[in-house]
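Structural characterization, general
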Amino acid sequence: MNTAVILAAGKGTRMNMSINKLYLNIKGKPLLARTLDVFFACSSIHEIVLVIREDEDELCREKIICNMKNNKPLKLVIGGKERQDSVYNGIKSADQGSELILIHDGARPFVTQAMIEESIREAKIYKAVAVGMPVKDTIKRVGGNGFILNTPDRSGLWIAQTPQTFARNTIVQAYELSYRDKAVATDDAMLVERMGLRVRMIRGSYDNIKITTPEDMALAEEILESGRVGNV
């Protein structure tokens, strides 16, 4: 059994809108609904845990849940103060029989079933898998004074995406240790890395963007119009 934890509890302040970006329409369908559709359609996902903001429970049910064809168990879970808290709430709510837990940003609607399936296959072997893509631009490390410190070799640099997939015991232990040590991370793989475990990186897609700004909404429409990603 595999559980997908979908994160939809962020504030989305960079969108500069009165409504959470996840409930905005992209070509007539809410962003979050597009994300969920892919996981509902994937036969290797047996349960979905949707982590939302407490004050958006009614909004989520009205705009998303009521309009979806739910063909597998769906749990609504209230998120926490920070992303890590929201993920942990989702992980704890997953069915105890889950072998693998996939953690995915609700704001990445162009995840594909192929990415999900490959993540699951690899995680059964390596216990920890992240989706990403090689960086295309030159990266500069810049100091607080605004001057370049150095230029890392980009041949080994990847953009981290989601889903990130883990054996249940691995990710639970990683989060428990992070709370014990007061460790802060910007993604879930970092918490597994700090345990000394290796995380397998597999290719995602440059279209697997996280929508955070109005410009991203425009790009999302272009991606849909291009036909490069399927519409579930």
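Everything that follows concerns the structure shown earlier in this document.
Notes on the structure in this doc start here. (Residues numbered from 1 in each chain as written. Predicted model: local features only at pLDDT ≥ 70, side-chain atom pairs only at ≥ 80, totals over all residues. Heavy atoms only, no water.)

Bringing the overall build of the chain into the picture now. If you tally the helices and strands in the chain, you get seven helices and 11 strands. Relative to the compact-globule value of 17 Å for 232 residues, the chain shows a C-alpha radius of gyration of 18 Å, a close match. Taking the principal axes of its C-alpha atoms as reference, the chain extends roughly 50 × 40 × 30 Å. Looking at the chain as a whole, 47% of its 232 residues qualify as buried. Considering only intrachain contacts with a sequence separation of at least 6, the fraction spanning at least 24 residues in the chain is 74%. (Helix = DSSP H or I, 4+ residues; strand = E, 2+ residues; numbered from the N terminus. Rg over C-alpha atoms; globule rule 2.2 N^0.38 Å. Buried < 20%, exposed > 50% of the residue type's maximum accessible area, 1.4 Å probe, protein only. Contact = heavy atoms within 4.5 Å.)

What follows covers the nonpolar core. Grouped together as the largest cluster of nonpolar side chains are 43 residues, with contacts concentrated most on Leu 32, Leu 36, Ile 45, Leu 50, Ile 64 and Ile 116. Where this core is concerned, the elements lending two or more residues are strand E1 (2-8), helix H1 (31-41), strand E4 (47-52), strand E6 (100-105), helix H4 (113-126), strand E7 (128-134) and helix H7 (214-226). With seven residues, H1 is the single largest residue contributor to this core. When near neighbours in sequence (up to four residues on either side) are disregarded, Ile 64 contacts Tyr 23, Pro 30, Leu 32, Ala 33, Leu 36 and Leu 59. One finds Ala 9, Ile 91, Ile 101 and Ala 185 within the second-largest nonpolar core, a separate group that totals 20 residues. (Core = buried A, V, L, I, M, F, W, Y, C linked by side-chain atoms within 4.5 Å.)

What follows covers the pairing of strand E10 (residues 158-167). In terms of burial, E10 is largely enclosed, as seven of its 10 residues are buried. Strand direction decides the pairing type here: E6 and E10, joined by four bridges, are antiparallel. If you follow Ile 101 over to E10, its bridge partner there is Phe 166. The pairing of E7 with E10 spans six bridges and is antiparallel. Directly across from Gly 132, in E10, lies its bridge partner Ala 160. (Pairing = 2+ DSSP bridges.)

Further remarks concern the environment of Gly 196. Tracing the backbone shows Gly 196 in the loop between helix H6 (188-193) and strand E11 (200-203). Along the chain, Gly 196 and Val 142 lie 54 residues apart, while their C-alpha atoms are 28 Å from each other.

Moving on, we come to the packing of helix H3 (residues 83-93) against helix H5 (residues 168-181). For any two helices packed against each other, the geometry is given by the interaxial angle and the distance between the axes. Orientation of H3 relative to H5, taken along the N-to-C sense of each, is 140 degrees, at an axis distance of 11 Å. If you check the angle between H3 and H5, you find them oblique. The interaxial crossing formed by H3 with H5 has left-handed handedness. Residues Arg 83, Gln 84, Asp 85, Val 87, Tyr 88 and Ile 91 of H3 form the contact with H5, whose participating residues are Arg 168, Ile 171, Val 172, Tyr 175, Glu 176, Ser 178 and Tyr 179. Of the residues contributing to the contact of H3 with H5, the split by class is seven nonpolar, two polar and four charged. (Axes fitted to C-alpha atoms, helices over the stretch in contact; angles between N-to-C directions. Parallel < 35°, antiparallel > 145°, perpendicular 65-115°, else oblique. Left-handed = near helix turned anticlockwise from the far one by under 90°. Nonpolar A, V, L, I, M, F, W, Y, C, P; charged D, E, K, R; others polar.)

Quick look at the packing of aromatic side chains now. Going through the model one piece at a time under the given rule, you end up with two aromatic pairs. With 6.0 Å between their ring centres and 5 degrees between their planes, Tyr 88 and Tyr 175 make a pair best called stacked. Of this pair, Tyr 88 sits in helix H3 while Tyr 175 sits in helix H5; the two residues are 87 residues apart in sequence, bridging distant segments of the chain. This pair shows no difference in class: Tyr 88 is buried, exactly as Tyr 175 is. Aromatic side chains Tyr 88 and Tyr 179 sit 5.1 Å apart centroid to centroid with 45 degrees between the ring planes, which places their arrangement in the tilted category. Here Tyr 179 lies in helix H5 and Tyr 88 lies in helix H3, a separation of 91 residues in the sequence. Residue Tyr 179 is classed as partly exposed on the basis of its relative accessible area of 36%. A connected cluster of aromatic rings, assembled from ring pairs, spans Tyr 88, Tyr 175 and Tyr 179. Above the plane of the ring of Tyr 206 lies Lys 136, whose end atom (NZ or CZ) is 4.2 Å from the centre. (Phe/Tyr/Trp six-rings, centres within 6.5 Å; stacked < 30°, edge-to-face > 60°. Lys NZ or Arg CZ within 6 Å of the ring centre and 35° of its normal.)

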